[in-house]
Amino acid sequence: MVYTMKVYPKGLGREAYRGIKISGSATLNGLCKAILDSFDFTDDHLYEFCMDNKMYSRDSYQSSTKMDGRSAEIKIDKLGLKEKQKFSLHYDFGDDWMFVINVQKIQEEAGKCKTCVVKSKGKVEQYPDFEDLEDDDWEMEFGENDEEEDEDECDEETKKIIDKLFR
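Residues numbered from 1 in each chain as written. Predicted model: local features only at pLDDT ≥ 70, side-chain atom pairs only at ≥ 80, totals over all residues. Heavy atoms only, no water.

Novice: Residue-level account of the nonpolar core, with values.
Specialist: In this structure, Leu31 and Phe49 are the most contacted members of the largest nonpolar core, which totals 32 residues. Sorting the residues of this core by element identifies β1 (2-9), β2 (17-23), α1 (28-38), β3 (47-50), β6 (86-91) and β7 (97-107) as the ones contributing at least two each. Examining the composition of this core, we find that 6 residues originate from one element, α1, more than from any other. Not counting chain neighbours up to four residues away, the residues in contact with leucine 31 comprise Met5, Ile20, Ile22, Phe49, Ile76, Phe87 and Ile101. (Core = buried A, V, L, I, M, F, W, Y, C linked by side-chain atoms within 4.5 Å. Buried < 20%, exposed > 50% of the residue type's maximum accessible area, 1.4 Å probe, protein only. Helix = DSSP H or I, 4+ residues; strand = E, 2+ residues; numbered from the N terminus. Contact = heavy atoms within 4.5 Å.)

Novice: Describe in detail the environment of lysine 121, supporting the description with residues and values.
Specialist: Here lysine 121 shows up in strand β8 (residues 116-121). For lysine 121, a relative accessible area of 38% gives the class partly exposed. When the C-alpha atoms of lysine 121 and arginine 14 are compared, they prove to be 8.5 Å apart, with 107 residues separating the residues in sequence. Excluding residues within four positions of it along the chain, lysine 121 makes contact with Arg14, Glu15, Ala16, Tyr17 and Arg18.

Novice: Explain the pattern of salt bridges to me, using residue names and the numbers behind them.
Specialist: In total, this model carries 2 salt bridges according to the counting rule given. The salt bridge partner of aspartate 37 is lysine 33, with a shortest N-O separation of 2.7 Å. Residue aspartate 37 and its partner lysine 33 are located together in helix α1, separated by 4 residues, close to a single helical turn. Note on lysine 33: relative accessible area 45%, which makes it partly exposed. In this structure, the salt-bridge partner of arginine 70 is aspartate 59, at a minimum N-O distance of 2.6 Å. Residue arginine 70 is found in strand β5 (residues 70-71), and its partner aspartate 59 is found in the loop between β3 and β4 (60-62); the two are separated by 11 residues along the sequence. (Salt bridge = Lys/Arg side-chain N within 4 Å of Asp/Glu carboxyl O.)

Novice: How would you explain α1 if you had to name every residue and give the values?
Specialist: With 8 of its 11 residues buried, α1 lies for the most part within the structure. Of all the residues in α1, the buried ones are Leu28, Asn29, Leu31, Cys32, Ala34, Ile35, Leu36 and Ser38. Positive phi shows up at aspartate 40, right after α1, with a value of about 60 degrees.

Novice: Give me the lowdown on the side chain of serine 57, citing residues and values where you can.
Specialist: Tracing the chain through its elements places serine 57 in the loop between β3 and β4. Among the residues examined, serine 57 registers a relative accessible area of 9% and is labelled buried. When near neighbours in sequence (up to four residues on either side) are disregarded, serine 57 contacts Glu48, Cys50 and Asp52.

Novice: How would you summarise the packing of aromatic side chains if you had to cite specific residues and measurements?
Specialist: All chains considered together, the criterion is met by 7 aromatic pairs. Centre to centre, the rings of phenylalanine 39 and phenylalanine 99 are 5.3 Å apart; their planes meet at 40 degrees, and the pair counts as tilted. Linking phenylalanine 39 in the loop between α1 and β3 with phenylalanine 99 in strand β7, this pair joins segments that are 60 residues apart in sequence. Exposure remark for phenylalanine 39: the relative accessible area of 3% places this residue in the buried category. Relative accessible area serves as the criterion here: at 0%, phenylalanine 99 is assigned to the buried category. An aromatic cluster is present here, built from Phe39, Phe41, Trp97 and Phe99 joined pairwise through their rings. Across from the ring centre of tyrosine 17, 4.5 Å away, lies the NZ or CZ of lysine 6, which sits over that ring. For arginine 18, the ring lying beneath its charged end belongs to phenylalanine 39, and the centroid distance is 4.2 Å. (Phe/Tyr/Trp six-rings, centres within 6.5 Å; stacked < 30°, edge-to-face > 60°. Lys NZ or Arg CZ within 6 Å of the ring centre and 35° of its normal.)

See below:
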């Protein structure tokens with residue numbers, strides 16, 4: 001089978017999406033790579049495919065076989081997908097990117113099908129460009145001086161309690 005899927009970051013379906021065509025003999029790992037490549041994301045984080053569209057779902061396929069659950073090495077044909085079915089790719093458990101995957105068309109495979117992007121709209125940045133931030137903005141945004149400020153805000157009684165706890 002050949003699957004045509006519309007993939008978009010959750011909440012951005014009209015602004016940024018990709019149409020991806022992929023063979024049913026490909027794995028979910030291959031689908032993840034196609035999605036990340038199509039949005040120019042780096043591929044250096046764990047992920048899961050959530051078949052019920054819920055983060056950290058029990059009904060999921062995991063990128064790492066060391067985690068409990070089913071492996072994303074499963075072939076797409078084995079999933080029993082239907083047209084109009086939706087499921088999600090939860091990528092990077094720190095930033096929690098959710099890509100909604102909508103199965104638009106399923107066709108019989110006529111020869112070999114190479115994974116490709118058939119439609120593309122919009123752009124999404126995985127990591128914002130921090131070069132434009134001034135040093136003061138960076139400190140305000142990311143709290144580089146938080147430790148010093150927290151220490152100064154403690155009263156003498158609190159400092160004594162903390163000293164006792166960490167001796």
